[in-house]
Amino acid sequence: MKNTFDFHNTPVIDQVGVEERVARFNSRSIKKTSKVEGLKLALSMIDLTTLEGKDTEGKVRQMCYKAQHPHDELPGLPTVAAVCVYPTFVKLAKKELGNSGVQVASVATAFPSGQSTLKVKLDDTKFAVESGADEVDMVISRGEFLAGNYNFVFDEIAEIKNACGNARLKVILETGELSTLDNVRRASEIAMRAGADFIKTSTGKISPAATQPVTLVMLEAIRDYYYETGIMIGMKPAGGISTAKIALQYLVMVKETLGNAWLNNIWFRFGASSLANDILMQLCKEATGVYQGADYFSKD
Amino acid sequence: MNTKTTTEKKKPKLDFDSGWNYSPSPESTGHIRLEKRYDHFINGQFVKPAGGKYFPSINPATEKVIAEVAYGDERDIDKAVKAARNAYEKVWKKMPGAERGKYLYRIARIMQERARELAVIESMDGGKTIRESRDVDTPLAAAHFFYYAGWADKLEYAFPNRKISPVGVAGQIIPWNFPLLMAAWKIAPALACGNCVVLKPAETTPLTAMKLAEIIRDAGLPPGVVNIVNGDGKAGAALVNHKDVDKIAFTGSTDVGKIIQRAIAGTKKKATLELGGKAANIIFEDAAIDQAVEGIINGIFFNQGHVCCAGSRLFVQESVAEVVIRKLKDRMSTLIVGDPLDKNTDIGAINSKEQLGKINEYLKIGVDEGAEMWQSKCSIPSNGFFCRPTIFLNVSQSHRIVQEEIFGPVLAIQTFRTIDEVIEKANNTPFGLSAGVWTDKGSKIFNLTSKLRAGVVWANTYNKFDPTSPFGGYKESGFGREGGLHGLQPYLNLK
């Protein structure tokens, strides 16, 4: 695929206005049944993730169990959406999850820096897909992007998409390194037009990771692209979303920007492992009226 | 880029209606204290009306009476003016500025302490959303007292090399759209400059002014410095025509403003009039479009459009008109209309039955004149006075909905091609209170702010208020400035 779009002319973003809009989402009051519904929805959108050098088979196994059994004491809970691991653990995760419906996602393309050759990135991707990954999370080359080589970034994404086959491609913009919202918008356009199925804020290795202003700009890019092409693109804010309250604010943002079609785990994900336990704690509180201590929820 | 074929295949549409919805989240009213009946506040005390008559104040969201309020006439006004004159001569004008400032600070602090109560009553009495009364009206009202408290002992620095003295007794008449804020807006600078006041709140929204009277009493302000007389236009007329009033400060309709100006012509009375508006909100093709759409929403739907500086005439550059209107419709579809006390409500109740009637009449006029009307599909309560957010497309300068102030959630949209064209159209109105400009180009902003004949021009934002910033109009939008350093001047004699 060849790019025909001029990425120098992507829409401009006014940061002050974005922050104001975000503040308004955050003033929505989510109570009672809408809170319980929202929390369950958020739980079902989580990608449980472990991406550390010290990952072991045991850890991945535990995470896969948790993904299917978030908290058995509370009946009627959904499973999470996916587990996200390094390519070497994909086979194991796939086996552990069986036909639970929980997807296996894998980071590829020299995650998290992306500093490697295209050949290595393609091999990395193919290995993940051949091991059974349902989803591939790739990082863009931020250096090339910041240097203005937009078509380089485009071509790289398009090639990786090609290598993904049937796996869905999540493109990580690493917005913490892009420095402006104008750049976030531009990178979103590049990713979507190059074939991303999802656009994702962060690797979780760089601070700031997901923020609400960045997420709003990406959601607006998705909406505009949908109007232009009729193609739906998924969104995944990742990193830094650790409380149920913030997760609900993200759902409000999705609901009021993209509407209800995006309010499910096919089109929206949270990349945040610590979030799951806070959601579980809140759901238990809604069911019993009291908060339980953190030790009543498994940390996997 | 070939997008035409794909869009023809399937028309993309967003769905904001079904699915996950917000449960009601009403603000508690358990903490507020409302009397059944409110009198006038004259000479530091609550006094019954001379005529013995009361009128109901209605909650526009429920149509229920929430309190009765004294109906004032000339006798009540006369009593209040006398009290003000007495306090002025004997106490207030002699008091050092630093001391006056202390009282203002005290009022501001009590307003902050009672902010929740003030916000809830403001929403119940006027129909505005709790989100706005809590986040805008109440804090801004307190901020005005804080700001002018700071000036009370520094007036000679505000006007260097001039001899300053207070004007005397100020008669102040305020509208129903921002009852508490307008009261603060008027009272704070007057007191800071050493004047005493008689305030006449609007008849549909008198209750927060009465709460303010309680606060003023609790702050220990000397009796007579602030007097509040309730009533309708009759009391207002009596105040304007009272011979011992030195200054009239009026915020309200242009029609009444003209009557006031005629009434005080040839008298020694000073005046400031802050009247209607029909502001141009201008969106250029190079603007940050999504944020501009948000600015359109804030410009026209803030406070149900009951804002004299509302951006009620939208000018969109033709090249982006289609996309702006589509985005605007999507955004309007997410606005929640309903119970003003629900924290999730975006648009509350229209202030009165009368006003709703006026808005509906304009909707009919717009349709009759051939404009294309579009309203969001939101549900609205069966009781109370509500109006769906509305836009009119295909309008031109000669339409009445473009020329006349509607004072409701109704936006008239026009397109333009060149900058000269839009400047001409934006200025082609009897009003000149405010305007908005949306562009990514700084040079364009400065070009327009100097050419638009409006008292306030916002750039890449809309409906932002601050006590440090002057506010006021040109032409039929009135004269004089309120707020900021400029807001002191009408309350001072400068030599």
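First, a word on scope: everything that follows refers to the structure included in this document. (Residues numbered from 1 in each chain as written. Chains lettered and ligands numbered in written order. Predicted model: local features only at pLDDT ≥ 70, side-chain atom pairs only at ≥ 80, totals over all residues. Heavy atoms only, no water.)

A closer look at the interface of chain B and chain A
Argument step 1. Taken residue by residue, the interface counts 43 residues in chain B and 40 residues in chain A.
Argument step 2. Both faces combined, the contact of chain B with chain A buries some 3,600 Å², and carbon together with sulfur accounts for 47% of it.
Argument step 3. When residues of chain B are sorted by the area they lose upon contact with chain A, B:Trp20, B:Tyr22 and B:Gln291 head the list and together hold 23% of the total.
Argument step 4. Between the two partners, chain B and chain A, sit eight salt bridges.
Argument step 5. The partner of B:Asp346 in a salt bridge is A:Arg28, and the shortest N-O contact between them spans 2.8 Å.
Argument step 6. Our enumeration of links across chain B and chain A arrives at 22 residue pairs in polar contact (both at pLDDT 80 or more).
Argument step 7. Breaking the side of chain B that touches chain A down by element, the ones donating at least two residues are α1 (4-9), α11 (289-301) and α12 (318-333) of chain B.
Argument step 8. At six residues, α11(B) tops the list of elements feeding residues into the side of chain B that touches chain A. (Contact = heavy atoms within 4.5 Å. Buried area = accessible area lost by both parts, 1.4 Å probe. Salt bridge = Lys/Arg side-chain N within 4 Å of Asp/Glu carboxyl O. Polar contact = N/O pair within 3.5 Å; in protein donor to acceptor, adjacent residues only side chain to side chain. Helix = DSSP H or I, 4+ residues; strand = E, 2+ residues; numbered from the N terminus.)

Here's the deal with the sheet that holds strand β5 (residues 64-70) of chain B
Residue and element names in this part refer to chain B.
Argument step 1. Here we have three strands laid out as an open sheet, ordered β1-β5-β4, and mixed in their pairing. Pairing within the sheet leaves two strands with one partner each, and these edge strands are β1 (37-38) and β4 (54-59).
Argument step 2. Looking at chain direction, β1 and β5 are connected through two bridges and run parallel. Bridging across to β5, Tyr 38 finds its partner in Val 69. (Pairing = 2+ DSSP bridges.)

Regarding the packing of helix α1 (residues 15-26) of chain A against helix α9 (residues 212-229) of chain A
All names here are of chain A.
Argument step 1. Relative orientation of the contacting elements α1 and α9 amounts to 100°, with a least axis distance of 9 Å. Here α1 is positioned roughly perpendicular relative to α9, judged by the angle of their axes. On α9, the residues that touch Val 18, Glu 19, Arg 21, Val 22, Phe 25 and Asn 26 of α1 are Gln 212, Pro 213, Leu 216 and Val 217.
Argument step 2. Residue classes in the contact of α1 with α9 are distributed as six nonpolar, two polar and two charged. (Axes fitted to C-alpha atoms, helices over the stretch in contact; angles between N-to-C directions. Parallel < 35°, antiparallel > 145°, perpendicular 65-115°, else oblique. Nonpolar A, V, L, I, M, F, W, Y, C, P; charged D, E, K, R; others polar.)

A few points about the layout of surface pockets
Where empty space is left becomes clear once a probe the size of a water molecule has been rolled over the atoms.
All names here are of chain B.
Argument step 1. As a volume, the second largest pocket reaches approximately 1,300 Å³.
Argument step 2. Among the secondary structure elements, those contributing two or more residues to the lining of the second largest pocket are β4, α9 (233-241), β10 (247-251), α10 (254-264) and α13 (353-368).
Argument step 3. Per-element tally for the lining of the second largest pocket: the top contributor is α10, with six residues.
Argument step 4. Taken together, the residues of the lining of the second largest pocket break down into 22 nonpolar, 15 polar and ten charged. (1 Å grid on protein atoms, 1.4 Å probe; cavity = no way out; pocket = protein on both sides within 12 Å on 5 of 7 lines; lining within 4 Å. Points joined across faces, edges and corners; volume = space filled by probe spheres on them.)

Things to note about empty space enclosed by the protein
Argument step 1. Per the stated rule, a full pass over the model turns up seven cavities of 30 Å³ or more.
Argument step 2. Size it by volume and the largest cavity reaches roughly 170 Å³.
Argument step 3. Lining the largest cavity we find 17 residues, and of these A:Arg21, A:Glu220, A:Arg223, B:Glu294 and B:Arg331 sit closest to its centre.
Argument step 4. Elements represented by at least two residues in the lining of the largest cavity include exactly α1, α9 and α10 (244-257) of chain A together with α11 and α12 of chain B.
Argument step 5. When the residues that make up the lining of the largest cavity are grouped by side-chain class, the tally is five nonpolar, three polar and nine charged.
Argument step 6. Computed from the structure, the second largest cavity encloses a volume of approximately 90 Å³.
Argument step 7. In this structure, the second largest cavity is lined by 15 residues; those nearest its centre are B:Arg313, B:Ala426, B:Gly432, B:Ser434 and B:Arg453.

A few points about the pairing of strand β17 (residues 434-438) of chain B
Residue and element names in this part refer to chain B.
Argument step 1. Among the five residues that make up β17, five are buried, leaving the element largely enclosed by the rest of the structure.
Argument step 2. Side-chain alternation along β17 places Ser 434, Gly 436 and Trp 438 on one buried face and Ala 435 and Val 437 on a second face that is also buried.
Argument step 3. Here four bridges tie β17 to strand β18 (residues 456-459), and the two strands are oriented parallel to one another. Pairing of Ala 435 across the sheet is with Val 457, part of β18.
Argument step 4. Note that the unit made of β17, helix α16 (residues 442-451) and β18 has a crossover that is right-handed. (Buried < 20%, exposed > 50% of the residue type's maximum accessible area, 1.4 Å probe, protein only. Right-handed = clockwise from strand over helix to strand, strands pointing away.)

Examining the packing of aromatic side chains
Residue and element names in this part refer to chain B.
Argument step 1. In total, this model carries 23 aromatic pairs over all chains according to the counting rule given.
Argument step 2. A ring pair is formed by Phe 55 and Tyr 71, whose centres lie 6.2 Å apart and whose planes are at 85°; its orientation type is edge-to-face. Here Tyr 71 lies in the loop between β5 and α2 (74-92) and Phe 55 lies in strand β4, a separation of 16 residues in the sequence. Note on accessibility: Phe 55 and Tyr 71 belong to one class, buried. (Phe/Tyr/Trp six-rings, centres within 6.5 Å; stacked < 30°, edge-to-face > 60°.)

Some remarks on the side chain of B:Asn281
All names here are of chain B.
Argument step 1. Among the structural elements, Asn 281 can be located in strand β12 (residues 280-283).
Argument step 2. Using a relative accessible area of 0% as the deciding quantity, one classes Asn 281 as buried.
Argument step 3. Once residues within four sequence positions are removed from consideration, Asn 281 is found in contact with Gly 295, Ile 296, Gly 311, Arg 313, Leu 314, Phe 315, Gly 436, Val 437, Trp 438 and Tyr 462.

Examining the nonpolar core
Residues and elements named next belong to chain B.
Argument step 1. Core analysis: the biggest nonpolar cluster contains 137 residues, and Met 111, Phe 145, Ile 283 and Leu 328 have the highest contact counts within it.
Argument step 2. If you tally residues by element for this core, the top one is helix α7 (residues 179-192), at eleven residues.
Argument step 3. Those residues in contact with Met 111, other than ones at most four positions away along the chain, are Leu 118, Ala 141, Ala 142, Phe 145, Leu 180, Leu 212 and Ile 215. (Core = buried A, V, L, I, M, F, W, Y, C linked by side-chain atoms within 4.5 Å.)

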